[in-house]
Amino acid sequence: MKKLLALALGILTAIGGFVDIGDLVTSAVVGSRFGLTLVWVTVLGVVGISLYANMAGRVAAVSGRATFEIIRERLGARAGLANLAASFLVNLMTVTAEIGGIALVFQLVTGISPMLWIPLAGFGVWVVVWRAKFSALENATGLLGLGLMVFAVAVFLLQPDWGHLAPQLIPRIPATEDGSTYWYYAIALFGAAMTPYEVFFFSSGGIEEKWSVKSLGEMKANVLVGFPLGGLLSISIAVCAAVVLLPQAIAVTSLSQVVLPVIQAGGTLAFAFAVVGMAAAVFGAALESTLSSGYTIAQYFGWSWGKFRRPAQAARFHLVMLIGLIIAVLVLLTGVDPVAVTEFSVVFSAIALPLTYIPILIVSNDKQYMGEFRNGMLTNALSLIFLAIILVASIAAIPLMVITGAGQ
Amino acid sequence: MRAGRVVDAEFQLIDRQVIDSDGVPIVAVDDLEVSDVPWNEDLPRGTEAPVVENLLSGPTLGTRIFGGRPPESRWQRIAWKHVVDVGTALTLDAPADSFDASWTERWVRNHVVGKIPGGHHDPE
């Protein structure tokens, strides 16, 4: 019974923890401009992240080594360092976007400028990272993040014309948009679903929670049930935007447009659920990406790391996270638009995807590390297909960004 | 020296994580120091093969990537005799704080992180 509860808890936190500011903003932007014609990308991204997160988790559970230790071990010091520099920068962009996201949610509720909330959000994230237990922070933000389910409920309350919506699911470029813009947003959605910090966090989290070979079943359930259900939340946000914002040609420039359909569907109560869900989801993602900034650097250099240790026992790990948070807050205080930072962060995530995913695929096939828990044929076949997609998305991202003026 | 187990230095030692006797990560193996062999001359029959003497860390990482060679006084060494296991990580026979290689961790602990309130508390 206790085991069943733990399993349920793990799945629920995976659902609530799937969505972050990148998913929130990108899904709503895409829904309001392209209707449901890009839903297939979210589905694709969810399959990809489930596949690779499961692999990274399995490597961590079997070998006891987290993702960036493996990246260095397999790529060597030089290529590993180049990878670290790129991954750390992209992750820092994600941290910046998430902290900006927390400020945006508080602005939505209080009407007070995000500038005031940014330092408070940064401080709040640091205090939790500094003091809270790993399981506590994961469970609290994951469960409260389930408030986002109100977006799925709103889809039905809005009573859309299903016969009009269903044909939109077929991938096609809407007459009002360019082909290049369509593909640019396809890459953004893909990057939002497969953000690299999720893998760093998932594999390092496995070591924080002392996974072993025995935990493989539980981990698989979290990933294969939790992530797809989380992806459904992401799709619900897009459907809400497609039903309410698209017909009225409302552009998504802040979170107030993201929640507009929910308010229209369920009034104040629904708004309250959406706000709690968004705050928890974004705060949780801020914690996860901050931890990932520490995980990547500490694992490359072989330093002591982990939330299960006292900060003084993982001193350099905590110093890295503190510096990362300070940089993120300073960047936001220059007055950059957090929504714009978010949109860029998901595209740069897409560019950096091969750096994370190729080494994971190599090591999960390594006999020395994995023994009998190596990838099977089916996993490898699927992974190679995804690797091809990841490479295409990564290579096409910058040219498309230039051609479309970042999706204008 | 145990016979019968072949370890590939390039593949299984370099860039591996080093953990102490309590499982705490200390460094990654940035480079290896092997015993001297005469350079540029024919070796007489029966010369002993060079052996790994020390694991190196710290400044050698920079020179391994960008070239050059740090002055020998700045090499951070962990003597090979401390290595008790070679697996997915190298395990040492003593706690992290007893090795010079972890001096930056101790410095940050004593001067920065340990001074922030709560730095020495268990997470709650």
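All names here are of chain A. Interhelical geometry of helix 4 (residues 67-110) versus helix 5 (residues 114-131) gives an angle of 125° and a closest axis separation of 8 Å. The angle between helix 4 and helix 5 places the two elements in the oblique class. The element helix 4 and its partner helix 5 pack so that their crossing is right-handed. Along its contact with helix 4, which presents Ile 99, Ile 102, Ala 103, Phe 106, Gln 107 and Thr 110, the element helix 5 presents Pro 114, Trp 117, Ile 118, Ala 121, Gly 122 and Val 125.

At the interface, 36 residues of chain A touch 35 residues of chain B. Roughly 3,200 Å² is buried in total at the junction of chain A and chain B, and carbon and sulfur atoms are behind 52% of that figure. Salt-bridge contacts for Asp15(B) lead to Arg72(A); the nearest nitrogen and oxygen are separated by 2.7 Å. Counting every contact that joins chain A to chain B gives 17 residue pairs in polar contact (both at pLDDT 80 or more). Breaking the side of chain A that touches chain B down by element, the ones donating at least two residues are helix 4, helix 5, helix 12 (255-301), helix 13 (315-333) and helix 15 (367-370) of chain A. If one sorts the elements of the side of chain A that touches chain B by residue count, helix 4 of chain A sits on top with eight residues. Across the side of chain A that touches chain B, the residue classes tally to 16 nonpolar, eight polar and twelve charged.

Attention now goes to the side chain of Glu288(A). Here Glu288(A) is to be found in helix 12. In this structure Glu288(A) touches Tyr197(A) and Phe201(A), once residues within four positions along its chain are discounted.

For helix 13 of chain A, with 19 residues, the first-to-last C-alpha span of 27 Å sits near the 27 Å given by 1.5 Å per residue. Every buried residue belonging to helix 13 of chain A is among Ala315(A), Arg316(A), Phe317(A), His318(A), Val320(A), Met321(A), Gly324(A), Leu325(A), Ala328(A), Val329(A) and Leu332(A), and all of these are buried. Looking at the buried residues of helix 13 of chain A, the elements they touch are helix 4, helix 5, helix 12 and helix 14 (338-363) of chain A together with strand 2 (25-28) and helix 3 (103-111) of chain B.

Another aspect to go through is the packing of aromatic side chains. Residues and elements named next belong to chain A. As enumerated under the stated definition, the model contains 19 aromatic pairs over all chains in all. Considering the side-chain rings of Phe 18 and Phe 227, the 5.7 Å spacing of their centres and the 55° angle between planes classify their relative orientation as tilted. Taken together, the positions of Phe 18 in helix 1 (residues 2-18) and Phe 227 in helix 11 (residues 216-248) put the pair 209 residues apart, joining distant regions of the chain. Following the ring pairs from residue to residue traces out a cluster consisting of Phe 34, Trp 40, Tyr 182, Trp 183, Tyr 184 and Tyr 185. Over the ring of Tyr 300 we find Arg 72, and its NZ or CZ is 4.7 Å from the ring centre. Stacked on the ring of Phe 308, the Lys or Arg Lys 210 has its end atom at 3.9 Å from the ring centre.

The rules behind the values
Residues numbered from 1 in each chain as written. Chains lettered and ligands numbered in written order. Predicted model: local features only at pLDDT ≥ 70, side-chain atom pairs only at ≥ 80, totals over all residues. Heavy atoms only, no water. Axes fitted to C-alpha atoms, helices over the stretch in contact; angles between N-to-C directions. Helix = DSSP H or I, 4+ residues; strand = E, 2+ residues; numbered from the N terminus. Parallel < 35°, antiparallel > 145°, perpendicular 65-115°, else oblique. Left-handed = near helix turned anticlockwise from the far one by under 90°. Contact = heavy atoms within 4.5 Å. Buried area = accessible area lost by both parts, 1.4 Å probe. Salt bridge = Lys/Arg side-chain N within 4 Å of Asp/Glu carboxyl O. Polar contact = N/O pair within 3.5 Å; in protein donor to acceptor, adjacent residues only side chain to side chain. Nonpolar A, V, L, I, M, F, W, Y, C, P; charged D, E, K, R; others polar. Expected span 1.5 Å × (residues − 1). Buried < 20%, exposed > 50% of the residue type's maximum accessible area, 1.4 Å probe, protein only. Phe/Tyr/Trp six-rings, centres within 6.5 Å; stacked < 30°, edge-to-face > 60°. Lys NZ or Arg CZ within 6 Å of the ring centre and 35° of its normal.

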